[in-house]
Structures are given as structure tokens and as C-alpha cells.
Amino acid sequence: MSHTGSSRAVGVGRVLIAVYAVLALAATARSIYQLASKFDQAPVAYLLSGLAGIVYIVATVALLGKGPVWYRIAWITISFELVGVLTVGILSLVDAELFPADTVWSYFGRGYVFIPLVLPVLGMLWLYRRRPGAVAG
Amino acid sequence: MIAWFEYLQVAVAVAAGLFALVLGLLGRRPSDYTLGAAALVEVLLIIQVIVALIAPAVGNAPTGSLLEFWVYLGSAVLIPPAAVLWALVDRDRWSTAVLGVACLAIAVMLYRMGQIWFVQTA
């Protein structure tokens, strides 16, 4: 079977992308609701949550995309997610006021069964395996 | 939301999800069974949309935010068709696994919807 699509949207990578897509949808939809209904309660956390949702969308698209530019964008967005989940995870332990429990990165993504913590690592491993010039495998 | 219908939906979504995930990991391509299971999850979601539209008008209102409930339900109905579409475009084992992941995500979202309707206080 020949694949004419992306060099990253193949094999097990497609499952990874599917999880990314679901997380992008969940985080974005939820943050839109939070920004619309309870922005005052935790503006920083909910704005960051909205940003996280957008970055998940870009990461999903970048993983689906072809070529070196999308490859670089995938690395940037996935790195941003890992830094985000670690930073906000620590901050939410230190200052629960600033980051309430219901944002995507609070407590290292506990509200999303820690998928936000695991996913960037799996994403990086996948990007490394599918790096340009690597033997397909 | 009707409690027993929510339990039924979660049970079907978990069963369909595990079924497709296991078959996918065993290397099976998407079949009528795995695609049908995802379709069943979608049909139940559409019934849930109708139930949720009618329920508040007949005295079964959510204890939590109706808006938040609809954000979940509106997102959920999009997921199975997307997974099925992908499975029809790329017919290999990983599409079957994607169907499984999609159904399991639906199960989690339904559980959250149930919490918003029955448990959460606005």
C-alpha cells in the first residue's frame, strides 16, 4: 500500500494525531466556554488554557502536514506544550488561586488523565523517529 | 439527560472503544463491525442531542451549566464521524485503533456530561 500523504501521519503516528485532535477539540471548546462564562475567576489560567487549545490545534495540523516547515512547527508547538504543562503543573501546586483545577495544564493535566503530560513526550519521540532523512520505519 | 440512558451510552462507548482498540492492536483493518460500533456510538449521541433538547422543557433540568453540557455534547458528536471518515480514507490497522481511541474519548465526555447534568452545581 502506498502512502502519498504526510511522512508523519502514518502507522501508529495516526493514533497519536487522533489523540492530539481530540485534546485540541476538548481544550479549545472548554476554554471558549470558560472565557465566556467565568473569565473573572482566573483570567490568567483561562487565557493560557485558550492559548494551549490553539497550540494543540496547530500541533495537530503540523503533525498532519508535509515537509520540513511543518516538521519544525510540530517541534515548536510540542515543546511549548511540554514546557506549558510542566510550568503550569508546578505553579498550580504552588498557587491554587492562580490556576484552578479545571484548566488543561493544572496539576500536570490531571483533569485529562495526565494525557497533556504524556502526549508531548510521545510526540517528540515520534518526531525524532520520523525526522527528515531518517530511514522509514 | 436520563441516567440509565447515560449509563447505556458510556457502556456502549467503552465496549466499542476497547473492541476497536484491541482489534487495531491485533492488526485488523477497519471492518463493518468496528465501523458499525462507532456508528452505533454516534447514533446514541444523536439520540442524546434530542433528549437534551427536550429534557429541560419537561422538568429534567441540569444541576450544572447547560452551556458547558452543550459544549461537550456538540464536540462529542463530531468525533465518531471524523474517526470513521479517516478509517475509510486510510484503511489499515491504525485506523481501527483510532476508532477505538475516539469511542473511549466519547465515553469520558459522556461521563463528564453526566456529572454536569446530575452532580455539578452551577
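The structure contained in this document is the topic of the report that follows. (Residues numbered from 1 in each chain as written. Chains lettered and ligands numbered in written order. Predicted model: local features only at pLDDT ≥ 70, side-chain atom pairs only at ≥ 80, totals over all residues.)

Moving on: the overall build of chain B. Helix and strand counts for chain B come out as five helices and zero strands. Tracing chain B from N to C terminus, the helices and strands come up as α-α-α-α-α. For chain B, whose C-alpha radius of gyration is 15 Å, the value lies close to the compact-globule estimate of 14 Å for 122 residues. Each of the three principal axes of chain B carries a C-alpha extent, and together these read 45 × 20 × 20 Å. Of all 122 residues assigned to chain B, the portion counted as buried reaches 40%. Within chain B, residue pairs in contact and separated by at least 24 positions form 84% of the contacts whose partners lie at least 6 positions apart. (Helix = DSSP H or I, 4+ residues; strand = E, 2+ residues; numbered from the N terminus. Rg over C-alpha atoms; globule rule 2.2 N^0.38 Å. Buried ≥ 20, exposed ≤ 12 C-beta atoms within 10 Å, placed from the backbone. Contact = placed C-beta atoms within 7 Å.)

Residues and elements named next belong to chain B. Packing of helix α1 (residues 3–25) against helix α5 (residues 93–119) leaves a shortest axis separation of 7 Å and a crossing angle of 160°. Classed by the angle they form, the pair α1 and α5 counts as roughly antiparallel. Note that α1 runs across α5; the crossing there is left-handed. Looking at the contact of α1 with α5, its residues break down into 21 nonpolar, six polar and two charged. (Axes fitted to C-alpha atoms, helices over the stretch in contact; angles between N-to-C directions. Parallel < 35°, antiparallel > 145°, perpendicular 65-115°, else oblique. Left-handed = near helix turned anticlockwise from the far one by under 90°. Nonpolar A, V, L, I, M, F, W, Y, C, P; charged D, E, K, R; others polar.)

Moving on, we come to unusual backbone geometry. Most of the time, phi is negative for any residue but glycine, and the peptide bond is trans. All names here are of chain A. In this model, Y107 sits at a positive phi of 50°, which is unusual for a non-glycine residue. Mapping Y107 onto the fold places it in the loop between α3 (67–94) and α4 (115–129). For Y107, a count of 18 C-beta atoms within 10 Å gives the class partly exposed. Despite not being glycine, F108 shows a phi value in the positive range, around 55°. By the secondary structure assignment, F108 is in the loop between α3 and α4. What makes F108 partly exposed here is the crowd of 18 C-beta atoms within 10 Å.

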